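Spelled out, the chains give:
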Amino acid sequence: MTAPTPADFFTPRLLTCDLLYTGLGGAQSPGGVVVVGDTVAATGHPDELRRAYPQARETAVGGVIAPPPVNAHTHLDMSAYDFRALPYFRWIPEVVVGQRERRGVAGALAGAQELARLRVGGVGDIVFAPDVMDALLDHADLTGVLYFELFAPKPDLADETLARLRELVTAWRRRERPGGLRLGVTPHTPFTVSARLMRLAAEFAAGEGLPMQIHVAEHPSERELFATGAGPLWDNRLKALMPDTFAEVIGRDPHPDLTPVRYLDELGVLAARPTLVHMVNVTPDDVARVARAGCAVVTCPRSNHHLECGVFPWAAFAAAGVEVALGTDSVASGESLDVREEVAFARQLHPALDPRVIVRAAVKGGHRVLGSRAPFIRRGEAWRDEYVWADYTGA
């Protein structure tokens, strides 16, 4: 075989795809990128690029060309778990609790290495324990946010929990690096964090400039819990962990019109603009409240499907102008950490949704959640092979 010459290296290459997202504006379909050497020379519709670069060698790469997608929500410390698709109220005891000895630093580091191998554009990871945070903060191959998780439903523990959070954050922030992993906070859910701690945590995060995520409206039973103070979520999961009544946790009586989103809004938490994760079981009023507050949401389609939680109402959030991002959740419920596979699944789950919207969410939406910027595929920028996503359109 004849070795490539310098002339071959600088001969323009036209890479065509089903969908192109450059990181700027909206995506287009079909699309193409002209590469000369290791540099992007042009992007656009394949026909226009063929006319402008008739000498270019054309290769149909298929699928998507876009900056690497962001995994905006995951639990890396559960990466050693076995994946199991089970109904929500079986999955928690049989998987989360049943495999709890596998949760920790080793799994988190293995998950971080897998994300680095996948060359993700960033990660939003929920960190359950201080030793996991200590281990991940030194991981040099990733960018994004490590959200330290708060779980304290008893109101009398709120001040003590916040004081401990302040100590930890002060120490961890000394280890942040420009362009590396940064600190965030995640009050676990509206029903496993007391109203007092939820409000204090939101005020603390806003005052310190810390990004925040909250799991909200994942399973249908959450709406029943806030409407009645009872139901399967209380009976099967919370009764043994909580104060005597659900009203003690949220600081008010449940009400037929109360939802987890409305509760957070009326508590003042949405004013801190947390990112809301899952948001499957919501009302039109919930969507409107999220849009007014300017909060972003993260959807985890495979996890929600495997746990039988429902389908994220993507079209409703898009119509309201809410920023949407994608996450895999843990491998125990999402099956893998590959966001490209999440894009493919979302494409199948939302056949009426323009696939350009899904790809943009995986890139631009994820970076907006993490407070970072996607690289641009445009003239003069370096070309990277990981911009080719192969067949991840889900078609």
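As shown above, the structure is provided for reference.
## Description of the overall build of the chain
Thinking step 1. Helices and strands together make up the secondary structure of the chain, namely 17 helices and 14 strands.
Thinking step 2. Relative to its length of 395 residues, the chain is compact, with a C-alpha radius of gyration of 22 Å against a globular reference of 21 Å.
Thinking step 3. Overall size of the chain, expressed as C-alpha extent along the three principal axes, is 75 × 45 × 40 Å.
Thinking step 4. Counting only residues that meet the buried cut, the chain has 56% of its 395 residues in that class.
Thinking step 5. Expressed as a percentage of contacts within the chain between residues at least 6 apart in sequence, the contacts between residues at least 24 apart total 73%.
Thinking step 6. In the structure as shown, the chain presents an accessible area of about 16,200 Å², 51% of it carried by carbon and sulfur atoms.
Thinking step 7. Each charge sign in the chain was given a centre, from 40 positive and 48 negative side chains, and these centres are 5 Å apart.

## Digging into the pattern of salt bridges
Thinking step 1. Summed over the entire model, instances satisfying the criterion amount to 28 salt bridges.
Thinking step 2. One salt bridge connects R175 with D138, and the closest N-O pair in it is separated by 2.9 Å. Of the two residues, R175 sits in the loop between helix 6 (158–173) and strand 10 (181–187) while D138 sits in the loop between helix 5 (130–136) and strand 9 (144–150), which places them 37 residues apart along the sequence.
Thinking step 3. Assessed through its relative accessible area of 27%, R175 is described here as partly exposed.
Thinking step 4. A salt bridge links E386 to R384; the shortest N-O distance between them is 2.9 Å.
Thinking step 5. One salt-bridge network, held together by shared partners, links R252, R262, D265, E266, D285 and R289.

## Details of the sheet that holds strand 14 (residues 324–326)
Thinking step 1. The strand order 11-12-13-14 describes an open sheet built from four strands, whose pairing is parallel. Taken across any chain shown, the strands that pair with only one partner, and hence form the sheet edges, are strand 11 (213–216) and strand 14. Sheet twist, expressed as the average angle between the axes of neighbouring strands with direction ignored, equals 30 degrees.
Thinking step 2. With two bridges joining them, strand 12 (residues 275–278) and strand 13 (residues 297–299) adopt parallel strand pairing. Residue L276 lies in a different strand from strand 13, and its bridge partner there is V297.

## A short note on the packing of helix 6 against helix 7 (residues 195–208)
When two helices pack together, you describe them by how their axes are tilted relative to each other and by the distance separating the axes.
Thinking step 1. Look at helix 6 against helix 7: their axes get within 9 Å of each other, and the N-to-C directions meet at 25 degrees. For the element pair helix 6 / helix 7, the angle class is roughly parallel. In this structure, the crossing between helix 6 and helix 7 has a hand that is right-handed. In contact with A158, D159, T161, L162, L165, R166, V169 and R173 of helix 6, helix 7 contributes R196, L197, L200, A201, F204 and E208.
Thinking step 2. Grouping the constituent residues of the contact of helix 6 with helix 7 by class yields eight nonpolar, one polar and five charged.

## Considerations on the packing of aromatic side chains
Thinking step 1. Under the counting rule described, the total for this entry stands at seven aromatic pairs.
Thinking step 2. Here the aromatic rings of Y88 and F89 are separated by 5.1 Å at their centres, their planes lie at 80 degrees, and the arrangement is edge-to-face.
Thinking step 3. A residue is classified by how much of its surface remains accessible, and Y88, at 4% relative accessible area, is buried.
Thinking step 4. Between F312 and W314, the aromatic rings sit 5.9 Å apart at their centres with planes inclined by 70 degrees, giving edge-to-face as the arrangement.
Thinking step 5. By relative accessible area, which is 2% here, W314 ends up buried.
Thinking step 6. Put simply, the rings of F226, F246 and Y263 pair up and form one aromatic cluster.
Thinking step 7. Sitting over the face of the ring of W389, R340 holds its NZ or CZ atom 5.7 Å from the ring centroid.
Thinking step 8. For the cation-ring pair, R373 lies above F376, with the distance from its terminal atom to the ring centre recorded as 4.7 Å.

## Quick notes on the sheet that holds strand 4 (residues 39–44)
Thinking step 1. Read across the sheet, four strands follow the order 4-3-1-5 without closing on themselves; strand pairing throughout is mixed. Each edge of the sheet is formed by a strand with only one pairing partner; in this case those strands are strand 4 and strand 5 (57–60). Taken over all neighbouring pairs, the strand axes of this sheet differ in orientation by 25 degrees on average, direction set aside.

## Structural notes on helix 16 (residues 339–349)
Thinking step 1. Taken together, the buried positions of helix 16 are V339, R340, E342, V343, A344, F345 and A346.
Thinking step 2. Residues of helix 16 that are buried sit in contact with strand 7 (70–74), helix 4 (105–118), helix 13 (301–306), helix 14 (314–319), strand 14 and helix 17 (355–370).
Thinking step 3. Structurally, the start of helix 16 carries an N-cap: the backbone nitrogen of R340 is 2.9 Å from a side-chain oxygen of D338.

## Describing unusual backbone geometry
Thinking step 1. Cis geometry marks the peptide bond from S29 to P30, where omega comes out at -5 degrees.
Thinking step 2. Tracing the backbone shows P30 in the loop between strand 2 (19–20) and strand 3 (31–36).
Thinking step 3. The backbone phi angle of R273 is positive, close to 55 degrees, even though this residue is not glycine.
Thinking step 4. Assignment of secondary structure puts R273 in the loop between helix 11 (260–267) and strand 12.
Thinking step 5. Its relative accessible area of 54% is what places R273 among the exposed residues.
Thinking step 6. Unlike most non-glycine residues, H278 shows phi in positive territory, near 90 degrees.

What counts and how
- Residues numbered from 1 in each chain as written.
- Predicted model: local features only at pLDDT ≥ 70, side-chain atom pairs only at ≥ 80, totals over all residues.
- Heavy atoms only, no water.
- Helix = DSSP H or I, 4+ residues; strand = E, 2+ residues; numbered from the N terminus.
- Rg over C-alpha atoms; globule rule 2.2 N^0.38 Å.
- Buried < 20%, exposed > 50% of the residue type's maximum accessible area, 1.4 Å probe, protein only.
- Contact = heavy atoms within 4.5 Å.
- Areas by Shrake-Rupley, 256 points an atom, 1.4 Å probe, with all protein chains shown as cover.
- Lys, Arg positive; Asp, Glu negative; His and termini not counted.
- Charge placed at Lys NZ, Arg CZ, Asp CG, Glu CD.
- Salt bridge = Lys/Arg side-chain N within 4 Å of Asp/Glu carboxyl O.
- Pairing = 2+ DSSP bridges.
- Axes fitted to C-alpha atoms, helices over the stretch in contact; angles between N-to-C directions.
- Parallel < 35°, antiparallel > 145°, perpendicular 65-115°, else oblique.
- Left-handed = near helix turned anticlockwise from the far one by under 90°.
- Nonpolar A, V, L, I, M, F, W, Y, C, P; charged D, E, K, R; others polar.
- Phe/Tyr/Trp six-rings, centres within 6.5 Å; stacked < 30°, edge-to-face > 60°.
- Lys NZ or Arg CZ within 6 Å of the ring centre and 35° of its normal.
- Polar contact = N/O pair within 3.5 Å; in protein donor to acceptor, adjacent residues only side chain to side chain.

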